[in-house]
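Working through the structure, step by step
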Amino acid sequence: MAAGGTDGELTESVRMIERAAGGLATASVSRMDDVLPWFRELPADQRAWVMLVAQAGVRSFVEWLRGAGRHADGTQEVSDEIFDAAPRALARSISLQQTVQLIQVTIDVVEQQVTHLAAPGEERAVSDAMLRFSREVAFAAARVYARAADSRGAWDARLQALLVDALLRGDSADELASRAAALNWGDTSPAAVAVGRSPGGEAAAVLHVLHRLARRVGLDVIGGVHGDRLVLVLGGTHDPVHATERLLAAFGEGPVVVGPPVPSLDEATESARAALAGFRAVPAWPNAPRPVAATELLPERALAGDAEARRILRQEIYGALVRSGGELLETLDGFFTAGNVLESAARALYVHPNTVRYRLRRIAEITGLTPTSPRDAFALRMALTIGRLDPALPAPPAPIAPALEAESLQN
C-alpha cells in the first residue's frame with residue numbers, strides 16, 4: 001500500500017497522527033534543545049518561530065497523507081507552506097545548514113513516532129510517505145533560502161547603486177556615511193574609485209562576480225552598475241591601480257580608469273570625478289594600460305574640458321616649475337625645441353650638456369614627469385601651454401647664470 005493512492009486509503013492513520021500533531025511538534029523542539037547547542041542560544045521570538053514551523057510541518061504531513069502530495073504540481077505548494085508560518089526574517093537569522101539540522105531533528109522525531117501512530121497494516125505506507133515528504137521539505141528549504149538570497153542580492157545591489165550615485169553627485173558626508181552604514185562598510189581608508197565597462201547582465205549578477213573576486217584577493221569593494229558602466233569603490237588599499245588590476249575579470253571589455261586614493265569615503269567624490277573624467281578621455285590614448293590611473297590621463301582630460309585636470313597641469317606642474325626658477329622652464333623649452341635632443345638643447349642654451357641633464361633631473365623630481373619620456377613630455381608640453389594661457393600665475397623669475405649651478409654639477 002502507498003501513501004500516494006486514492007484518498008481515504010490511510011484515513012485511520014491520518015486521524016491518529018492529526019490528533020498527535022501538537023505533541024509531535026513539542027517533542028521535536030524539545031529534541032532540538034537537547035542536541036543543538038546553538039538552538040538553545042536563540043532569542044525567544046526565534047525559538048517561537050521554529051515551533052510554528054514544526055507545527056506547520058506536521059500539519060503539512062497530515063495533508064500529504066490525505067493525498068495532497070500525489071500530484072506533482074501540488075508537492076511544492078504544500079511543502080512551501082511550512083515555511084510560510086515564520087517570517088522571512090528567519091531565513092536571515094538562521095543559516096541554511098542550521099535549517100537542515102532543524103528539519104533533520106523534526107523528521108527523526110516524527111519518523112520515530114509516526115509508525116506507532118499508524119493504523120495496523122499501514123505502517124509501511126506511512127513510513128514511505130514520510131521519506132518522500134522529508135525530501136520535499138528539504139527542497140522547499142532550499143527554495144526559501146534561494147529566494148532570500150536572490151532578494152538580498154538584489155537589495156544589496158540597489159543599496160550599492162545608491163551609494164555610488166551619492167558619490168557621483170557629490171552628496172554630503174553624512175549622506176555617504178548613512179548609505180555606507182547600511183552596507184556595513186567600515187572605516188576602510190584610503191578609498192579610491194574605478195570606472196570601466198559593465199560586462200552586461202543583471203546588476204546583482206555583475207556585483208556577485210565582483211564581490212567574489214574581491215573576497216578571493218582580500219579587498220573591500222562597493223560597486224554599482226550605471227548604464228553600461230561599472231563603478232566600484234575600493235577601500236583600504238594604497239595602490240588602487242594594482243588592486244583594480246586584480247578585479248579586471250569583473251569588468252567588460254575596454255579601458256578601466258582608476259581615480260586617485262583619498263583619505264576616506266567622505267572624500268571619494270574627488271576620486272570618482274577624476275575616474276569618470278579619465279574614462280571619458282581615455283579613448284584619446286589608444287595604448288593606455290589597463291587599468292590606468294586618472295592622473296596618467298591629465299593631458300587628455302584637459303583637452304576634453306576637465307577643469308580639474310587643467311588646474312593640476314597649471315598649478316601643480318607649471319606652477320611648480322615657475323616657483324623653482326626660470327632656468328628650468330628655459331631648459332624645458334630649449335629641450336623641446338631641439339626635438340628632445342640633449343646636446344642640441346645644450347648648444348642652443350649655451351650651457352654644458354651636464355647642466356641640461358641636471359636640470360632635466362630637477363624637472364622630473366619637482367613634477368614627477370620625466371622630460372625624456374615621450375608620454376611625460378606630452379604632459380609637460382600641455383602644462384606649459386595651459387600655464388602660459390593663464391594670467392593668474394606670476395611670471396617666472398629671470399634665469400640664474402650657469403656659473404651659479406656649478407656646485408650642483410660637480411662630480
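Residues numbered from 1 in each chain as written. Predicted model: local features only at pLDDT ≥ 70, side-chain atom pairs only at ≥ 80, totals over all residues. Heavy atoms only, no water.

Some details on the overall build of the protein chain
- Counting its regular elements, the protein chain contains 19 helices and 5 strands.
- Sequence-distant contacts, at least 24 apart, represent 70% of the contacts inside the protein chain between residues at least 6 apart.
- A total accessible area of about 20300 Å² is found for the protein chain, and carbon and sulfur atoms account for 52% of it. (Helix = DSSP H or I, 4+ residues; strand = E, 2+ residues; numbered from the N terminus. Contact = heavy atoms within 4.5 Å. Areas by Shrake-Rupley, 256 points an atom, 1.4 Å probe, with all protein chains shown as cover.)

Here's the deal with the sheet that holds strand β4 (residues 256-258)
- The strand order β2-β3-β1-β4-β5 describes an open sheet built from 5 strands, whose pairing is mixed. The open sheet is flanked by β2 (220-226) and β5 (292-293), the only strands paired with a single partner.
- Sheet topology places strand β1 (residues 191-197) next to β4; 3 bridges connect them, and they run antiparallel. Counted as the bridge partner of Gly196 is Val256 from β4.
- Seen against the sheet, helix α10 (residues 203-217) touches β2 and β3 (229-235) and runs at an angle of roughly 160 degrees to β2. (Pairing = 2+ DSSP bridges. Axes fitted to C-alpha atoms, helices over the stretch in contact; angles between N-to-C directions.)

A short note on the pattern of salt bridges
- Summed over the entire model, instances satisfying the criterion amount to 8 salt bridges.
- Between Arg375 and Glu300 there is a salt bridge, with the nearest N and O atoms lying 2.6 Å from each other. Residue Arg375 is found in helix α18 (residues 374-389), and its partner Glu300 is found in helix α13 (residues 298-303); the two are separated by 75 residues along the sequence.
- Look at Glu300 and you get buried, because its relative accessible area is 5%.
- Here the salt bridges share partners, and the residues they tie into one network are Glu308, Arg311 and Glu316. (Salt bridge = Lys/Arg side-chain N within 4 Å of Asp/Glu carboxyl O. Buried < 20%, exposed > 50% of the residue type's maximum accessible area, 1.4 Å probe, protein only.)

Brief notes about the packing of aromatic side chains
- Per the counting criterion, the structure on display carries 2 aromatic pairs.
- Between Trp38 and Phe39, the ring centres sit 6.3 Å apart and the planes meet at 85 degrees, which makes this aromatic pair edge-to-face.
- Judged by its relative accessible area of 18%, Trp38 is buried.
- On the basis of an interplanar angle of 45 degrees and a centroid distance of 6.1 Å, the ring pair of Phe335 and Phe336 is categorised as tilted.
- Seen from the ring of Trp285, Arg375 lies directly overhead, with NZ or CZ sitting 3.5 Å from the centre.
- In this structure, Arg381 packs its charged tip against the face of Phe336, placed 4.3 Å from the ring centre. (Phe/Tyr/Trp six-rings, centres within 6.5 Å; stacked < 30°, edge-to-face > 60°. Lys NZ or Arg CZ within 6 Å of the ring centre and 35° of its normal.)

Some remarks on the pairing of β2
- In terms of residue burial, β2 counts as a mostly covered element, since 5 of its 7 residues are buried.
- Of the strand pairs in this sheet, β2 and β3 are connected by 7 bridges, and their pairing is antiparallel. Bridged to Val221 within β3 is Leu234.
- Counting the residues that bridge the hairpin from β2 to β3 gives 2 residues, and of these Gly227 lies at a positive phi of roughly 65 degrees.

Points about the packing of helix α2 (residues 21-35) against helix α4 (residues 44-65)
- Direction vectors running N to C along α2 and α4 enclose 135 degrees, while the axes themselves pass 9 Å from each other. By the angle between their directions, the pair α2 and α4 is classed as oblique. The hand of the α2/α4 crossing is right-handed. Packed against α2, whose contacting residues are Ala21, Leu24, Ala25, Thr26, Val29, Met32 and Asp33, the element α4 presents Arg47, Val50, Met51, Ala54, Gln55 and Val58 at the interface. (Parallel < 35°, antiparallel > 145°, perpendicular 65-115°, else oblique. Left-handed = near helix turned anticlockwise from the far one by under 90°.)

Thoughts on the side chain of Asp376
- Here Asp376 lies in helix α18.
- Buried charge without a partner: Asp376 forms no salt bridge, and the closest opposite charge is Arg375, 6.1 Å away.
- For Asp376, the side chain forms a polar contact with the main-chain nitrogen of Thr370, separated by 2.9 Å.
- Every residue in contact with Asp376, bar those within four places of it in the chain, is listed here: Gly368, Leu369 and Thr370. (Lys, Arg positive; Asp, Glu negative; His and termini not counted. Polar contact = N/O pair within 3.5 Å; in protein donor to acceptor, adjacent residues only side chain to side chain.)

A short note on the environment of His238
- Assignment of secondary structure puts His238 in the loop between β3 and α11 (240-245).
- Assessed through its relative accessible area of 70%, His238 is described here as exposed.
- Separated by 49 residues in the primary sequence, His238 and Ser189 have C-alpha atoms spaced 8.5 Å apart.

Quick look at the confidence of the model for the protein chain
- Mean pLDDT over the protein chain works out to 76, with 73% of the residues at or above the 70 mark.
- Low pLDDT (under 50) marks residues 1-8, which in the prediction has 18 contacts with non-local residues, meaning those over four places away or in another chain.
- Low pLDDT (under 50) marks residues 68-79, which in the prediction has 17 contacts with non-local residues, meaning those over four places away or in another chain. (pLDDT = per-residue confidence, 0-100.)

Let's talk about the environment of Phe61
- Tracing the backbone shows Phe61 in helix α4.
- Spatially, the C-alpha atoms of Phe61 and Val110 are 9.8 Å apart, while their sequence positions differ by 49 residues.
- For Phe61, the contacting residues outside a window of four places in its chain are Ile17, Val114, Val126, Ala129, Met130 and Phe133.

Overview of helix α17 (residues 353-367)
- Relative to the 21 Å expected for 15 residues at 1.5 Å per residue, α17 spans 21 Å between its end C-alpha atoms, a close match to the ideal helical length.
- Residues Thr355, Val356, Tyr358, Arg359, Leu360, Ile363 and Thr367 constitute the buried set of α17.
- Where α17 ends, the next residue or the one after it, Gly368, has phi of about 80 degrees, a positive value. (Expected span 1.5 Å × (residues − 1).)

Side note on the side chain of Thr331
- Structurally, Thr331 is set in helix α15 (residues 326-337).
- Looking at Thr331, its side chain comes within polar contact range of the main-chain oxygen of Glu327, at 2.8 Å.
- A distance of 2.8 Å separates the side chain of Thr331 from the side chain of Arg359, its partner in a polar contact.
- With residues up to four places along the chain from it excluded, the contact list for Thr331 reads Leu349, Val356, Arg359 and Leu360.

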